[in-house]
Amino acid sequence: AATPEIISSLISQDQYVAGVENSLIRFSIALSGRDPESTASTKLVITSYKPVDTRQEVRDASSGNLPSTVDTVIVDVSDLRDAATGRVDVAIPIEMGVRTKDALQMSATGLYPVSIGLQEGKSVTSQIVTFVERLPQDVTSPLPSENLHISLVGTLDSSVSLQPDGTTLVSEETRSIVTEVVSALEALPDTPISLSVRPELIDALGNSTDEDTSLLTRLQNAASLQPLPTTYVDVQPDELLAQRSSDVFTTQLRLGEDVLAAGLPTMSVNRDAWLQTSTLLTGGALLLRNLGLRTAVLLSNSQKTTANGISVFADSTRLVELKLSNSDRLTAALADTNLSAALTRGSDEPTGGPYLVAQQILAELKILRSEIIDRDETMSGRGVILSTESGALPSTALVNALIDSVAGQPDMRFVSLEDLLNTMTVSIVDGLPVAFELQALADSYPSESASRNFADRVNGFSAMLPEGDERGNQWQRVVNVLPARGLIPVQRQSYIDRVDAQLAALGASIVTPGSTTFTLGGRDSSIRLSLRNDNDTDLLVRIRLSSSKLSLATDEQVVTLPAGTSTLVEIPVTAKSNGRFPVTLQLLTPTGDIPIGAPAKFSARVNALAGLGQLFTGIALLLLLSWWIHHLRREHQRRQVETGDSSNRHPAGDHSA
């Protein structure tokens, strides 16, 4: 059987019809698939249905679950079809209070679902559903009223472009996404679009091909772009808190701000809002608040798991509060989840084309506004945040169609996210602000110690390089991308291994003396070391000597080793004793205590303490001589005493007889 002709897209339409007799509704559609040999008679079947009153009814009608029929008009398209393009332009009159064959009845004021079907014979082969607003009696155009403010937000993200070998690779997929986003921004210079642009991507575009540099220039010149703060690579606060690495998140945020300021120099980035694409827990929210981010904007995917499904219970047109502790709070804004689903669907080649999806979104926005007014409430303090479920910017065609459709409404206006948040207020129920309890972090796990140690090594070895040496910047870029959520462990290790090989080569370029023995010529002497730098640039190193028999006269020395030559380094030491003993030489980075190569072992021989030994020997001899003199004196005195006693007792000396 031949493939039937279908309605491929809605090209344009009137969004409203005046509340007067003989008003017309104009539609332009594109048909495709007609067999050139076909003689079948093709007709358009245009049907109006009972006006919708709720947002759910809009969504039901958009998906084909239509309310009761009001009227139908059938038009032969044979004379209306443009044979070359398949375009059909048709104008249908409306009628009120009567029913005729050629006019579509719309007696009551309201928002009407209207189906446009393509019929061959008695079968409807294709059908789309759009919406048309019937204005009040005798009103020919929508009446101005209080504006509903709308903000379009999104992300411009990519996988890490820096490669382990230090080159930059912007994939064709990423280049296509950036091109699409830039085209959308350029097509809408007067409509603010708030984007979280990945800073690593900005770096990549600036370091890639001429084509990518041109894309960056176009992005820099996009008048509609309102950049939002974001981390250098994709990291989430709660995940880093679980690794006990909140400092990594802080570093990533600050680095991201610096890169955006340099890469988008004419645009300002402040910390008014943080786009959250995944679950937000208590710790992450507290970290965001402490870093000065005022409002967390929860996109659709984030809302599904944050606070056990926050969107189910919250009014997305107002702010809510997130409880962080007994007294701490962080305000949050919620992207409209139902409109997020429509934007996602409209960006994925939907049936009927992006313009049709734009009309369905516009219809829901109209009913949203009507529901607020019907509650006797105003638009003050309210707003609508539009985003796809993932956060990626909708297709250029859908963005153009949506903004063009909203532009025809006197009571709706696109504003920047910053301006929207400045006017939105927190929902109040029973006199209290609506607040949600966030889940706490269930478990924590060890930090990525390998990445932390690697960062320390990079910082240390970078300090060896002369000012302006690009190797330090290249190594630091690797450190900056390692926390990215999209990297698996084996990829992360490949970055580390590549740089570690360069660090090892740098360390190996410094040659220490071979095994040798130093002879110290005195108690206070010097050890002279010859260090050779085989690198092409001067290098800065720190020298550490250690020995149990030596005292260093000064702290560790930091010396500059000129490129391609040997340098004699003199280190003052004080010997503690004579003899031969080991000395260890360790070269270190100027900062961080990172070893450069393996320790070198030497011997030191000290014979310079002989004078001191002679002094001790002399003192001992003097003491010995003093003892002998003292001893001889005492012996002499004793003998004299004994001699005197003997003569007194001798018989010749006795005269008493």
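The written sequence of each chain sets the order in which its residues are numbered from 1. Reporting in this predicted model follows two pLDDT cut-offs: at least 70 for local features of residues, and 80 or more for side-chain atom pairs to be given and counted; totals over whole chains, interfaces and linings ignore these cut-offs and use all residues. Hydrogens and water are ignored here; the side-chain numbers use all heavy atoms of the structure.

1. What to know about the side chain of S302
Turning to step 1, where the next piece is worked out: Counting through the fold element by element, S302 comes out in helix α8 (residues 300–303).
Turning to step 2, where the next piece is worked out: Side-chain polar atoms of S302 contact the backbone oxygen of S278, separated by 2.8 Å.
Turning to step 3, where the next piece is worked out: Setting aside residues no more than four positions away along its own chain, S302 makes contact with Q276, T277, S278 and T279. Each helix corresponds to a stretch of at least 4 residues labelled H or I by DSSP, and each strand to a stretch of at least 2 residues labelled E; elements are numbered beginning at the N terminus. N or O atoms closer than or at 3.5 Å make up a polar contact, with two conditions inside protein: a donor-capable atom paired with an acceptor-capable one, and, for residues adjacent in sequence, both atoms drawn from side chains. In this analysis, two residues are considered to be in contact whenever any of their non-hydrogen atoms come within 4.5 Å of each other.

2. Considering the sheet that holds strand β9 (residues 123–137)
Turning to step 1, where the next piece is worked out: If you trace the 5 strands from one edge of the open sheet to the other, you get β2-β9-β8-β4-β5, paired in mixed fashion. Both edges of this open sheet fall to β2 (16–19) and β5 (69–76), since each of them pairs with a single strand only. For this sheet, the mean inter-axis angle between neighbouring strands, taken without regard to orientation, is 25°.
Turning to step 2, where the next piece is worked out: Relative to β9, strand β8 (residues 110–120) is paired through 11 bridges, and the arrangement is antiparallel. Pairing of E120 across the sheet is with S123, part of β9. Strand pairing follows a simple DSSP-based rule, namely that at least 2 bridges must link the two strands. A fitted line through C-alpha atoms serves as each axis, taken over the contacting stretch for helices, and the angle formed by two N-to-C directions is quoted from 0 to 180°.

3. Some details on helix α15 (residues 489–508)
One turn of an α-helix holds 3.6 residues; hence residues three or four places apart share an orientation.
Turning to step 1, where the next piece is worked out: The span expected for a helix works out to 1.5 Å for each residue beyond the first. In this model α15 runs 28 Å from its N-terminal to its C-terminal C-alpha over 20 residues, within 8% of the 28 Å that 1.5 Å per residue would give.
Turning to step 2, where the next piece is worked out: Buried residues of α15: R492, Y495, I496, V499, L503, L506 and G507, and no others. Taken down its axis, α15 places every buried residue within 110° of arc, on the same side. Away from its buried face by more than 90 degrees, α15 exposes V490 and A508. Throughout this description, buried means an accessible area under 20% of the type-specific maximum (1.4 Å probe, protein chains only), exposed means over 50%, and partly exposed covers the range between. What the arc covers is the set of directions going from the helix axis to the C-beta atoms.

4. Notes on the packing of helix α9 (residues 337–346) against helix α10 (residues 353–374)
Turning to step 1, where the next piece is worked out: Contact geometry for α9 and α10: axes closest at 9 Å, N-to-C directions at 170°. Viewed along their axes, α9 and α10 adopt a mutual orientation that is roughly antiparallel. Contact residues: N338, L339, A342, L343, R345 and G346 in α9; P354, V357, Q360, I361, E364 and L365 in α10.
Turning to step 2, where the next piece is worked out: Of the residues that constitute the contact of α9 with α10, the class distribution is 7 nonpolar, 3 polar and 2 charged. Orientation labels follow simple angle bins: below 35 degrees gives roughly parallel, above 145 gives roughly antiparallel, 65 to 115 gives roughly perpendicular, and whatever is left gives oblique. Polarity classes work like this: nonpolar for Ala, Val, Leu, Ile, Met, Phe, Trp, Tyr, Cys and Pro, charged for Asp, Glu, Lys and Arg, and polar for all others, with Gly in that last group.

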